[in-house]
Amino acid sequence: MVSKTLQFVGALLLPLLAVVSSFDPFHRDAQMMDPMGGGGGGQGPFIPHEYARFADVKRQCKSVLSAATELTFDANRANGLMPELSFVKGDWRQDGDGAPLMPFDGTDVPEDAAGAAPDPLPLASFSLTHVDAARRGRTALNVSGVLGVAISRNGTGPEMGPYVSPEFKVWPGTTELKILFEGVYTENDDGESVLCMVGNAVLPTRGSDAANPWDWARHSDRDKFQPPITQDSNILLVLRYPKTLTLTTRAVHGELTSTNGKTNAAYFDAARLLSQLGAYSNYKFGSDELVDLACTPHPYRDDVLASGRGLYRGSSFCGILDRFSSEDLLAVVPNWKCNTTDALCRRLGPFETDKAVDATDGGFTDVSIVMQEVRCEPRTAPNGESSARVSAVFRAVPPWEHPYTAAKRSGLDGMTLSAEGVWRASTGQLCMVACLGVGKKSCHSRGSSSSSSQADATAVLNVSAELTLTGEPYVNATLSLEGVYNPVDGRMYLIGCRSIQGPWRAFSAMGGLEEGKDCSIEVRVEYPPTTARWLINPTAKLHIGSTRDVGDSLRFNTTVLQTLPILYREQRQDILSRRSVEGILRIVTLAAAIAAEFSQLMYIKVHTDVMPYVSLVMLGVQALGYSVPLITGAEALFARITAAGADGAPPPSYEVDKSQLYWTIDCIVKILILAAFLLTLRLVQKVWRSRIRLLTRSPLEPGRVPSDRKVLLYSFGAHLIGFMMILAAHYVSMLSRPLRTEESYMDSHGEAHALREWAVTLEEYIGLAQDLFLLPQVIGNVLWRINCRPLKTSYYAGVTAVRLLPHLYDYIRAPSINPYFAEEYEFVNTSLDFYSRFGDVAIPLAAVALAAAVYVQQRWNYKIISKTVKTQQKKLQHLGSRVYERLPSMSSPNFEAELVSGVNEGAGLRRDASLS
């Protein structure tokens, strides 16, 4: 019967499971669909398009359609059109000033600084979002896309993607416009691929003042600002791509026009777009004859590296070149050997520079060049010689332009060189011919480049490096270094060269320059040993000195620098082993603390008379110290589970927690902390109940029962004074630090948090209060004038030793091997100031002094006080009063251990001690 029931339920659930399994709320299956509508691997989820404006496309694109040839490529070729015909951050401009496309709010810079501010960049990005390969015609394909047009001072542009809508935005320093298009893709006999599309947009409305049509766009960040816009669907975009990517056929030309009449409010002058084919197009090398002609004789005479020292002649040139093609910037050095006219010596090669580059007066300070679209094809000649054909685009970057923006731009203008050439291993030289801007008219530039790479794996290693010093004192100084490294003692001895920046005329007055560089620099680097990382500070020291004579303009004083702690390759194993050792130490100390507390618990069970004189404030401080790691540990565990549950990967700071040993240690530590916390609560309970019993037995004499009210008041006052003094000391020390506008720190997840000095100091001081846990007991002993021993020696001495062991460990061990995340360490938190060298000495001395005070109080304090107080003064009645005489004897079956003992045990104690 049960079997039949299960079969029936399974039959009902099977269709439901099939439906659920096919439901894909995040479209993970759709991402594998062909964006053209097929089933192959594509670029993103399928997006249906209706192409409802075919009549407009046919009318506006008549000339393009009439010149179209038959399309012969298959679906695979169509699949590659979307990435191939898309481009990012091309250039655009308008020829006329009669009807501009959109405004620009220049109030992002003050009016008095507008002349020094960089000019805004007009950038355009285009994304082809769909190709309808399923319903293609003989000469055309239906396509759709989105064009983002921007004017931005910082080089940003609108976000592109398949899920966009017509949009217009303006704020100080940036204007963005998105236009949606649909149209056709065609090819013609001129070697072009053409997109002709009609668009839909929301355009900004020009004002009535023809001289200042965008007056409303000033201060666009004001409250309740809403730009006036007009819906317009009379927009035409034509983009022309070369079908073959070569040295001279690289550019993508486009024209954005309005099909409205000139009197229409939505009309705008034609905008020209310029970009280039990118990484999804195959480059065709075809300029071998031109390169051979330009670079003959080979190697080409290079005045910069005439000596040819250190040139790379191996077989991995393309790999070497790839290091410089990852959007890294190449520095520009002055033409220190120029002996011709001033205008020629101040030029940045063939580039058409702007005023910012010209202002460097030939020194080219902060001017750089970035390599884009690098293609490298290694070849081997029949005689075995290695060579490579290389193409690239060199873009000059002025000082004001952000390197990231320059690396992403795709426009071609007077600041770009499209180059192609050959590298030969026999000479170690790459010689190229280049075209400036667009077209064949500017293909008259020649340049050479050499790559250097040397290494020798001997006992003493030959090394080369680059050292960059940033900050105001160094003005971003960069040294090229060469020398030797001794892995035995971890020392590196190097000769350094630095580029000299300045007008080209100044080089004639400087002596001892090698190819425009000052190489009279000695550098010594001392690395920490890898075999004693726990005992020695893991930082490297750099000694930089000049060998030039005193009085030389290029001489500088010797500089000694020290790095932050270095993370070695085996850092994770060190962290795990160190955490394991520290975890074991914490287990030992917690076990010792538990043993000490258990001994105190047994002690007061036997000596019930001393139970009321144990300070509750002291026990409360200890309980607080145990409860904090329990609470924060639980929060960290839940945070860890939450963070790992999002994508299945643990957060970075917990990646080293995979050690099973560490997890075991962590669980043992948490269990021991909980045990210590419960033992402390048991002590609190016994002391509290003993005082209640005393108060019950003597309701008319409440002053005879010890109270922690004054103890709490005095302890809080002492700690408040101490906290204020430390806070004042921190404030005084902050006056000598550099002024910072915002104090913050970054946690192990990479998130920044505000840092308040007083809050950090308070957190540190709470730990200090736990180290000085005996302070309330010392104050209570004085107030209660005890004549007994409330604390067992093994208890307060043992807990004091447990609290001081982390300071001793911190004092003798090396600094953190991973100082960036303090949570990597279990035993001590080195981010706290109280674990400084001074704190590691002063805090133990104070704690030992308190332990010594308790020892003296419990043995001699009452005898000293009894000689100085008067007999008529209220005394502390410890055990000999008549109140206690009425207590039942220990032989009574109703006697409880929490009660104070009877007369016989207190016969030798004073009867008239007052309570306070």
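What counts and how
Residues numbered from 1 in each chain as written. Predicted model: local features only at pLDDT ≥ 70, side-chain atom pairs only at ≥ 80, totals over all residues. Heavy atoms only, no water. Helix = DSSP H or I, 4+ residues; strand = E, 2+ residues; numbered from the N terminus. Buried < 20%, exposed > 50% of the residue type's maximum accessible area, 1.4 Å probe, protein only. Contact = heavy atoms within 4.5 Å. Areas by Shrake-Rupley, 256 points an atom, 1.4 Å probe, with all protein chains shown as cover. Core = buried A, V, L, I, M, F, W, Y, C linked by side-chain atoms within 4.5 Å. Patch = residues over 30% accessible without salt bridge, like charges linked within 9 Å, V, L, I, M, F, W, Y side chains within 5 Å. Salt bridge = Lys/Arg side-chain N within 4 Å of Asp/Glu carboxyl O. Disulfide = S-S within 2.5 Å. Phe/Tyr/Trp six-rings, centres within 6.5 Å; stacked < 30°, edge-to-face > 60°. Pairing = 2+ DSSP bridges. pLDDT = per-residue confidence, 0-100. Lys, Arg positive; Asp, Glu negative; His and termini not counted. Polar contact = N/O pair within 3.5 Å; in protein donor to acceptor, adjacent residues only side chain to side chain.

1. What to know about the overall build of the chain
Tallying secondary structure elements over the chain gives 19 helices and 24 strands in all. Here the chain, with 916 residues, has 44% of them falling under the buried criterion. Put simply, 70% of the contacts in the chain that link residues at least 6 apart link residues at least 24 apart. Carbon and sulfur atoms make up 58% of the accessible area of the chain, which totals about 48,700 Å².

2. Here we look at the nonpolar core
Inside soluble globular proteins, nonpolar side chains tend to come together where they are buried. By size, the foremost hydrophobic cluster in this structure holds 58 residues, and its most contacted members are Phe-126, Leu-195 and Leu-256. The contacts of Leu-195, once residues within four sequence positions are left out, are Leu-85, Phe-126, Leu-128, Val-143, Val-184, Tyr-185, Leu-237, Val-238, Leu-239 and Tyr-241. In this structure, Ala-593, Met-611, Phe-677 and Val-778 belong to the second largest nonpolar core, which totals 53 residues.

3. Remarks on a nonpolar patch on the surface
Residues Leu-805, Leu-808, Tyr-811, Ile-812, Val-841 and Leu-845 make up a contiguous nonpolar surface patch of about 570 Å² in total accessible area. If you tally residues by element for the nonpolar patch, the top one is helix α17 (residues 793-812), at 4 residues. The residue Tyr-811 is located in helix α17 in this model. When its relative accessible area of 41% is taken as the criterion, Tyr-811 is described as partly exposed.

4. Describing helix α16 (residues 775-784)
Of all 10 residues in α16, 9 are buried, a share of seventy percent or more. Of all the positions in α16, only Leu-775, Pro-776, Gln-777, Val-778, Ile-779, Gly-780, Asn-781, Leu-783 and Trp-784 are classed as buried. Arg-785 sits one or two positions beyond α16 and adopts a positive phi of about 50°.

5. Describing the state of the cysteines
The final tally for this structure, using the stated rule, is 4 disulfides. Disulfide partner of Cys-295: Cys-431, at an S-S distance of 1.8 Å. Between Cys-295 and Cys-431 the sulfur-sulfur dihedral comes to about -90°; the bridge is accordingly left-handed. Placement of Cys-295 in the loop between α6 (288-294) and α7 (317-322) and of Cys-431 in strand β14 (residues 429-436) is noted, with a sequence separation of 136 residues between them. For the residue pair Cys-295 and Cys-431, the accessibility class agrees, reading buried in each case.

6. Here's the deal with the pattern of salt bridges
Following the criterion strictly, the structure yields 24 salt bridges and no others. Here Lys-169 ties to Glu-167 by a salt bridge, and the two come within 3.5 Å at their closest N and O atoms. Judged by relative accessible area, Lys-169 falls into the partly exposed class, the value being 36%. Its relative accessible area of 26% is what places Glu-167 among the partly exposed residues. Here the residues in one salt-bridge network are Arg-93, Asp-95, Glu-255 and Arg-272, joined through shared partners.

7. Side note on the packing of aromatic side chains
Using the criterion set out here, one finds 8 aromatic pairs in the structure. Their ring planes at 20° and their centres at 6.3 Å tell us that Trp-216 and Phe-225 sit as a pair that is stacked. Here Trp-216 and Phe-225 have matching classes, each one buried. With 6.3 Å between their ring centres and 70° between their planes, Tyr-613 and Trp-784 make a pair best called edge-to-face. Residue Tyr-613 is located in the loop between α11 (571-606) and α12 (616-647), and its partner Trp-784 is located in helix α16; the two are separated by 171 residues in the primary sequence. The exposure classification of Tyr-613 matches that of Trp-784, with both residues buried. Cluster of aromatic residues (ring-pair linked, three or more members): Trp-214, Trp-216 and Phe-225.

8. Overview of the environment of Val-610
Tracing the backbone through its elements, the reader meets Val-610 in the loop between α11 and α12. Between the C-alpha atoms of Val-610 and Leu-791, which are 181 residues apart in sequence, the distance is 8.2 Å. If we skip the residues at most four places from it in the chain, Val-610 touches Tyr-603, Cys-788, Arg-789 and Pro-790.

9. A word on the environment of Gln-857
Mapped onto the elements of the fold, Gln-857 is located in helix α18 (residues 837-868). Distance in space between the C-alpha atoms of Gln-857 and Arg-789 is 8.4 Å, their sequence separation being 68 residues.

10. Regarding the side chain of Gln-600
For Gln-600, the position within the fold is in helix α11. On the accessibility criterion, Gln-600 (1% relative accessible area) is buried. The contacts of Gln-600, once residues within four sequence positions are left out, are Val-614, Leu-683, Pro-790, Leu-791, Lys-792 and Tyr-795.

11. Observations regarding the environment of Asn-486
Inspection of the secondary structure puts Asn-486 in strand β17 (residues 477-486). In this structure, the C-alpha to C-alpha distance between Asn-486 and Asn-462, residues 24 residues apart in sequence, is 9.2 Å.

12. Details of the pairing of β14
Taking burial as the measure, the 8 residues of β14 include 8 buried ones, the bulk of the element. By the alternation rule, side chains of β14 split into Gln-429, Cys-431, Val-433 and Cys-435 and Leu-430, Met-432, Ala-434 and Leu-436, which are all buried. As defined by bridge partners, strand β13 (residues 416-424) adjoins β14 across 8 bridges and the pair is classed as antiparallel. Bridging from a neighbouring strand, Trp-423 pairs with Leu-430 of β14.

13. A short note on the confidence of the model for the chain
On average, residues of the chain score 76 in pLDDT, and 71% of them are at 70 or above. By mean pLDDT, the top-scoring element of the chain is strand β8 (residues 251-258) (96), and the lowest-scoring one is helix α19 (residues 882-885) (34). Taken together, the stretch residues 745-750 has pLDDT below 50 and engages in 17 contacts with residues farther than four places along the chain or on a different chain.

14. Side note on the side chain of Arg-395
Within the secondary structure, Arg-395 is located in strand β12 (residues 386-397). Look at Arg-395: it is buried, it has no salt bridge, and the nearest opposite charge is Asp-413 at 4.4 Å. From its side chain, Arg-395 meets the backbone oxygen of Arg-409 in a polar contact 3.5 Å long. Within the local environment of Arg-395, its side chain forms a polar contact with the backbone oxygen of Gly-411, the two atoms lying 2.5 Å apart. Once residues lying within four places of it in the same chain are set aside, the contact partners of Arg-395 are Gln-276, Ser-368, Ile-369, Val-370, Gln-372, Ala-406, Arg-409, Ser-410, Gly-411, Asp-413, Met-415 and Thr-416.

15. A few points about unusual backbone geometry
Positive phi values are uncommon outside glycine, yet His-219 reaches one of about 55°. Along the chain, His-219 falls in the loop between β6 (192-204) and β7 (229-242). Its relative accessible area of 43% is what places His-219 among the partly exposed residues. Backbone geometry at Asp-366 places phi at a positive 65°, although glycine is not the residue there. When you line up the elements, Asp-366 lands in the loop between α9 (355-358) and β11 (368-380).

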